[in-house]
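Coordinates in review
Listed below are the residues making up each chain.
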Amino acid sequence: MEIRVLFFGVLKDLAGRGSDTLTLPDFATAGDVLGHYEQVPAMTGRLKSIAISVNQEYARPELQLKPGDEVALLPPVSGGVDAPLVKLIRERIVPHDIVPAMEKPEDGAIVIFDGIVRNNSRGRRTLYLDYDSYEDMALKQLRELAARALQQFAIRNVAIVHRLGRLEIGESSILIAVFSAHRAAAFDACRWLIDTLKKTVPIWKKEHFADGAVWADGEPFPEQLAAGTISKGLASN
């Protein structure tokens, strides 16, 4: 099948043209288009941070293409917000390795939430914590939260880094940093992010004590996500 490929910004210069006609096998995906142009010497290594659109809609690499589709390769938009930093990691979170690299001169406020493992819970001495996660889904949910925060609040950028595995007392379990021109928006966005994350992102905490271990009670899912609510809704249809 044939599709039309559009190049913009620096990619237009690298390709030496604004558009291309590309022949692909049936059932090819948007990611196959990236794979093709990664083989072009001038573009090798330059496509990792771009976005893809198909027929003027942002698309994931796994989207299956149809004959005649228009695929655009989009470098980061000048003048737009910087890309959020979203990670699940198993090493120590070091805020000073994260926040300064994301600062910009236009930032008048940086609000940071640094969640620390404390030495007690419910009147018992905590030895350490274990965090588990449905990682692929958690990353997707965290990215969606970052995107929603950038849309809902007057902020420039966001970092969300959550640690998994065993954490000792005093170590950081999560870092959220919000960068903004003004403090009010940064405070509001940071509070919304941690509160919403705790209710919707599939990450679980196991607390280890001298006399045993328990999974921490999570906050209830929002009503629209709770399985019981979903079941009732289906039963009523």
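Up top is the structure these notes are about.
Along each chain, numbering runs from 1 in the same order as the chain's sequence is written. A pLDDT threshold of at least 70 governs which residues receive local features in this predicted model, and a stricter bar of 80 or more applies before side-chain atom pairs are shown or counted, although totals over entire chains, interfaces and linings include all residues. Only hydrogens and water are set aside when side-chain values are computed; all heavy atoms of the structure are taken into account.

**Re the pairing of strand β3 (residues 51–54)**
Here, strands pair whenever DSSP counts at least two bridges between them. Counting from the N terminus, the helices are DSSP H or I runs at least four residues long and the strands are E runs at least two residues long. Bridge analysis of β3 against strand β5 (residues 70–74) gives four bridges, and the strand direction is antiparallel. Across the sheet, the residue bridging to V54 is V71, located in β5. The hairpin turn running from β3 into strand β4 (residues 57–59), its antiparallel successor, is two residues long, and N55 in that turn takes a positive phi close to 55°.

**A few points about the sheet that holds strand β12 (residues 172–180)**
Here we have four strands laid out as an open sheet, ordered β6-β10-β12-β7, and mixed in their pairing. Strands at the two margins of the open sheet, each flanked by one partner only, are β6 (85–89) and β7 (109–116). Between one strand and the next, the sheet's axes are offset by a mean angle of 5°, whatever the strand orientation. Relative to β12, β7 runs antiparallel, the two sharing eight bridges. Note on method: axes are straight lines fitted to C-alpha atoms, helices fitted across the in-contact stretch only, with angles between N-to-C directions ranging 0 to 180 degrees.

**Some words on the pattern of salt bridges**
Salt bridges are defined as contacts in which a side-chain nitrogen from Lys or Arg sits within 4 Å of a carboxyl oxygen from Asp or Glu. Under the definition given, this model contains twelve salt bridges. Among the salt bridges present, the one from R4 reaches E70, with a minimum N-O distance of 3.3 Å. Here R4 is found in strand β1 (residues 2–7), whereas its partner E70 is found in strand β5, with 66 residues between them in sequence. Assessed through its relative accessible area of 42%, R4 is described here as partly exposed. For E70, a relative accessible area of 23% translates into the label partly exposed. The salt bridge involving R124 is made with D211; its shortest N-O contact spans 2.7 Å. Only protein chains enter the calculation, and the probe is 1.4 Å; a residue is then buried if its accessible area is under 20% of its type maximum, exposed if over 50%, and partly exposed in between.

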